[in-house]
Amino acid sequence: MAATGPTGADAAQERLRRWRLVLGGDSADGTGHPLRGRDAAMDGALTSLYGKGDTPRPGRDRAAGLGASAPAVARWLGDIRTYFPSSVVQVMQRDAIDRLGLATLLLEPEMLEAVEADVHLVGTLLSLNKAMPETTRETARAVVRKVVDDLEKRLATRTRATLTGALDRGARTGRPRHHDIDWNRTIAANLKHYLPEHRTIVPERLVGYGRASRSVKKEVVLCVDQSGSMAASVVYASVFGAVLASMRSVDTRFVVFDTSVVDLTDQLDDPVDVLFGTRLGGGTDINRALAYCQSRITRPAETVVVLISDLYEGGIRDEMLKRVASMQAAGVRFVTLLALSDEGTPAYDREHAAALAALDAPAFACTPDLFPEVMAAAIERRPLPIPDAG
């Protein structure tokens with residue numbers, strides 16, 4: 001029979017090769033498999049980041065570590081982009097910043113031009129914003145703008161479509177035009193007029209969608225925790241804030257806070273300006289931030305407040321909860337998001353989350369793809385699409 005796949009010996013060698021790349025070639029890896037060419041280069045890039053020390057291993061001529069040399073790091077960034085897909089490159093960059101303390105090197109324009117831009121890199125740049133020299137600032141803004149533009153392309157159209165539908169449904173009319181008839185609700189409202197002999201319903205009352213007018217229909221307040229752990233959420237929130245602000249039927253306010261409160265609403269036409277107006281790090285005073293937001297609400301029954309925070313409160317806990325209860329009693333729809341990112345549920349204050357849930361304001365992590373549905377449900381005052389905790 002003709003061979004249709006690798007021989008047993010070839011398959012065994014391939015398994016050894018893969019294990020050798022996984023294990024890193026320490027004396028205890030047990031494979032005895034040498035690497036050559038591209039495999040050796042990939043192994044070198046991995047060892048530079050994940051090696052166990054800066055001392056060359058016996059029989060090898062490279063060190064396990066990048067050190068703090070900008071040229072060496074720039075070459076390494078070029079190598080990993082050659083050998084690994086973009087998603088892996090982003091993970092390795094993040095690990096290099098965390099494990100090897102390379103954040104300060106990002107203050108050099110040459111380094112910024114070499115990195116693969118993503119949400120996490122933007123968060124790191126924002127945390128370095130105050131220390132950033134003028135020679136780096138424009139390059140940093142270009143990197144941030146690339147990420148923000150990509151996010152807007154991914155998220156804006158669906159967000160506008162979903163929320164426009166929610167706003168239209170929220171303005172139902174009893175005299176709709178033909179194209180505006182809500183047939184499901186019309187049938188439900190006229191079931192008593194069913195004619196069995198004709199097997200049809202005679203609709204005496206039509207229910208339709210009202211067309212959202214140019215006037216403001218809803219007010220949305222995004223209240224965003226800018227403590228260091230919330231970096232990715234700040235990035236996504238700024239993009240969504242800009243998208244919401246572009247909708248004429250929504251009056252959007254964007255507030256960031258740590259122990260102080262900053263209103264960035266007037267910068268929402270450019271989310272990059274919003275991001276560079278934040279100050280990642282510092283403490284947290286949720287109560288003070290909510291007090292500010294509450295003072296700016298003019299139509300409670302038409303307002304949705306979205307608190308994006310891990311709920312580690314440094315302010316007055318009981319006052320915070322009383323403030324949430326007060327807003328809800330006035331008619332505000334209150335939504336608590338522990339995170340707005342793709343990273344799942346973060347570490348958060350479970351006691352505060354439970355207290356908010358008792359006020360009918362359950363706290364949960366939300367992905368960017370789910371956020372439009374959450375906002376639509378909040379606007380229509382129907383149950384929120386809370387993801388399963390598992």
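The protein has the name VWA domain-containing protein in an unreviewed UniProt entry, where Streptomyces violaceorubidus is given as its organism.

Engineer: What's the story with the overall build of the protein in this structure? I'm lost.
Structural biologist: Each helix and strand in the protein was counted, giving 14 helices and eight strands. Sequence separation of 24 or more characterises 72% of the internal contacts of the protein that already satisfy a separation of 6 or more. A total of about 19,600 Å² of accessible surface is found on the protein, and carbon and sulfur atoms cover 51% of it.

Engineer: Would you mind going over the confidence of the model for the protein with me for this structure?
Structural biologist: Keep in mind that low pLDDT regions are not for reading the predicted coordinates in detail. When pLDDT is averaged along the protein, the result is 83, and 86% of the positions lie at 70 or above. Looking at the elements of the protein, mean pLDDT is at its lowest for helix 3 (residues 70–83), recorded as 76, and at its highest for strand 6 (residues 303–308), recorded as 97. Under a pLDDT of 50 for its full length, residues 54–64 has, in the predicted model, 25 contacts with residues more than four places off or in other chains.

Engineer: So what exactly am I meant to see when it comes to the pattern of salt bridges here?
Structural biologist: Where charged atoms from two side chains of opposite charge come close, those side chains can pair. Evaluation of the coordinates by the stated rule reveals 21 salt bridges. As a salt-bridge pair, Glu380 and Arg382 come within 3.4 Å of each other at their nearest N and O atoms. Given a relative accessible area of 32%, Arg382 falls into the partly exposed group. Linked by salt bridges that have partners in common, Glu14, Arg17, Arg18 and Asp39 make up one network.

Engineer: Just to check I follow, could you spell out the nonpolar core for this structure?
Structural biologist: Among soluble globular proteins, nonpolar side chains are generally buried collectively. Core analysis: the largest hydrophobic core is formed by 79 residues, its most contacted members being Leu125, Phe254, Val306 and Phe371. It is helix 7 (residues 134–169) that contributes the most residues to this core, ten residues altogether. Counting 24 residues, the second largest nonpolar core, distinct from the first, contains Cys223, Leu290, Tyr348 and Ala361.

Engineer: Looking at this structure, how should I read helix 14 (residues 371–380)?
Structural biologist: Because each turn of an α-helix spans 3.6 residues, side chains separated by three or four positions in sequence point in the same direction. The buried fraction of helix 14 amounts to eight of the ten residues, a majority that puts the element mostly inside the structure. When helix 14 is considered as a whole, its buried residues turn out to be Phe371, Pro372, Val374, Met375, Ala376, Ala377, Ala378 and Ile379. Positive backbone phi, at 55 degrees, marks Arg381, one or two positions downstream of helix 14.

Engineer: Would you take a moment to explain unusual backbone geometry for this structure?
Structural biologist: Negative phi is the rule for most residues except glycine; trans is the rule for most peptide bonds. At Leu311, a residue that is not glycine, the phi angle is positive and equals roughly 70 degrees. The topology assignment puts Leu311 in the loop between strand 6 and helix 12 (317–329). For Leu311, a relative accessible area of 0% corresponds to the buried category.

Engineer: Explanation requested: the pairing of strand 7 (residues 333–340) in the structure shown.
Structural biologist: Here is the key point about a regular strand: its side chains alternate between the two faces of the sheet. Buried residues dominate strand 7, accounting for eight of its eight residues. Each parallel crossover has a hand, and for strand 6 linked through helix 12 to strand 7 it is right-handed. Here strand 7 pairs with strand 8 (residues 363–366) via four bridges, running parallel. Each residue of the ladder has a partner; that of Ala339, found in strand 8, is Ala365.

Engineer: When you look at the packing of aromatic side chains in this model, what are you seeing that I'm missing?
Structural biologist: Each aromatic ring pair is specified by the distance between its two centres and by the angle formed by the two planes. Taken as a whole and judged by the stated rule, the model has one aromatic pair. Residues Phe240 and Phe371 carry aromatic rings whose centres are separated by 4.5 Å and whose planes lie at 45 degrees to one another, so their mutual orientation is tilted. Remark: Phe371 occurs in helix 14 and Phe240 occurs in helix 9 (residues 231–245); sequence separation between them is 131 residues.

Engineer: Would you mind showing me how to read the side chain of Thr124 here?
Structural biologist: Assignment of secondary structure puts Thr124 in helix 6 (residues 119–127). Given a relative accessible area of 16%, Thr124 falls into the buried group. Not counting chain neighbours up to four residues away, the residues in contact with Thr124 comprise Ile97, Ala103 and Leu106.

Engineer: What am I meant to see in the state of the cysteines here?
Structural biologist: Put plainly, two cysteines are in a disulfide when a covalent bond ties their sulfur atoms together. By the definition in use, this model includes zero disulfides. Left unpaired, Cys293 is separated from the closest cysteine sulfur, that of Cys223, by 3.7 Å.

Engineer: Can you walk me through a nonpolar patch on the surface in this structure?
Structural biologist: Nonpolar side chains collect at one region of the surface, where Trp19, Val22 and Leu23 lie side by side and expose about 330 Å² of accessible area between them. Mapped onto the elements of the fold, Val22 is located in helix 1 (residues 8–23). The exposure class assigned to Val22 is exposed, which follows from its relative accessible area of 62%.

Engineer: Explain the packing of helix 2 (residues 37–50) against helix 4 (residues 86–100) to me, please; I cannot follow it from the model alone.
Structural biologist: Geometrically, a packed helix pair is captured by the angle between its two axes and the distance between the axes. Interhelical geometry of helix 2 versus helix 4 gives an angle of 35 degrees and a closest axis separation of 9 Å. Contact residues: helix 2 offers Ala45, Leu46, Ser48, Leu49 and Tyr50, while helix 4 offers Met92, Asp95, Ala96, Arg99 and Leu100. Taken together, the residues of the contact of helix 2 with helix 4 sort by class into seven nonpolar, one polar and two charged.

Engineer: Even after reading the chapter, I still don't get the environment of Ile308, so can you show me in this structure?
Structural biologist: With respect to the helices and strands, the residue Ile308 is situated in strand 6. Here Ile308 falls in the buried class, since its relative accessible area comes to 0%. Sequence separation between Ile308 and Leu337 is 29 residues, and the spatial gap between their C-alpha atoms is 4.7 Å. Excluding anything up to four places from it in sequence, Ile308 contacts Cys223, Val224, Asp225, Met230, Ser233, Ala237, Leu337 and Leu340.

Engineer: What's the story with the side chain of Asp285 in this structure? I'm lost.
Structural biologist: Tracing the backbone shows Asp285 in the loop between helix 10 (271–276) and helix 11 (286–295). Exposure remark for Asp285: the relative accessible area of 14% places this residue in the buried category.

Engineer: So what exactly am I meant to see when it comes to the sheet that holds strand 5 (residues 261–263) here?
Structural biologist: Working definition: the strands of a sheet are paired by backbone hydrogen bonds and lie parallel or antiparallel to each other. An order of 5-4-3-6-7-8 is seen for the six strands of this open sheet, with the pairing classed as mixed. Both edges of this open sheet fall to strand 5 and strand 8, since each of them pairs with a single strand only. Each strand axis lies, on average, 25 degrees off the axis of its neighbour in the sheet, ignoring direction. By the bridge criterion, five bridges tie strand 6 to strand 7 in an arrangement that is parallel.

Quick notes on the rules
Residues numbered from 1 in each chain as written. Predicted model: local features only at pLDDT ≥ 70, side-chain atom pairs only at ≥ 80, totals over all residues. Heavy atoms only, no water. Helix = DSSP H or I, 4+ residues; strand = E, 2+ residues; numbered from the N terminus. Contact = heavy atoms within 4.5 Å. Areas by Shrake-Rupley, 256 points an atom, 1.4 Å probe, with all protein chains shown as cover. pLDDT = per-residue confidence, 0-100. Salt bridge = Lys/Arg side-chain N within 4 Å of Asp/Glu carboxyl O. Buried < 20%, exposed > 50% of the residue type's maximum accessible area, 1.4 Å probe, protein only. Core = buried A, V, L, I, M, F, W, Y, C linked by side-chain atoms within 4.5 Å. Right-handed = clockwise from strand over helix to strand, strands pointing away. Pairing = 2+ DSSP bridges. Phe/Tyr/Trp six-rings, centres within 6.5 Å; stacked < 30°, edge-to-face > 60°. Disulfide = S-S within 2.5 Å. Patch = residues over 30% accessible without salt bridge, like charges linked within 9 Å, V, L, I, M, F, W, Y side chains within 5 Å. Axes fitted to C-alpha atoms, helices over the stretch in contact; angles between N-to-C directions. Nonpolar A, V, L, I, M, F, W, Y, C, P; charged D, E, K, R; others polar.

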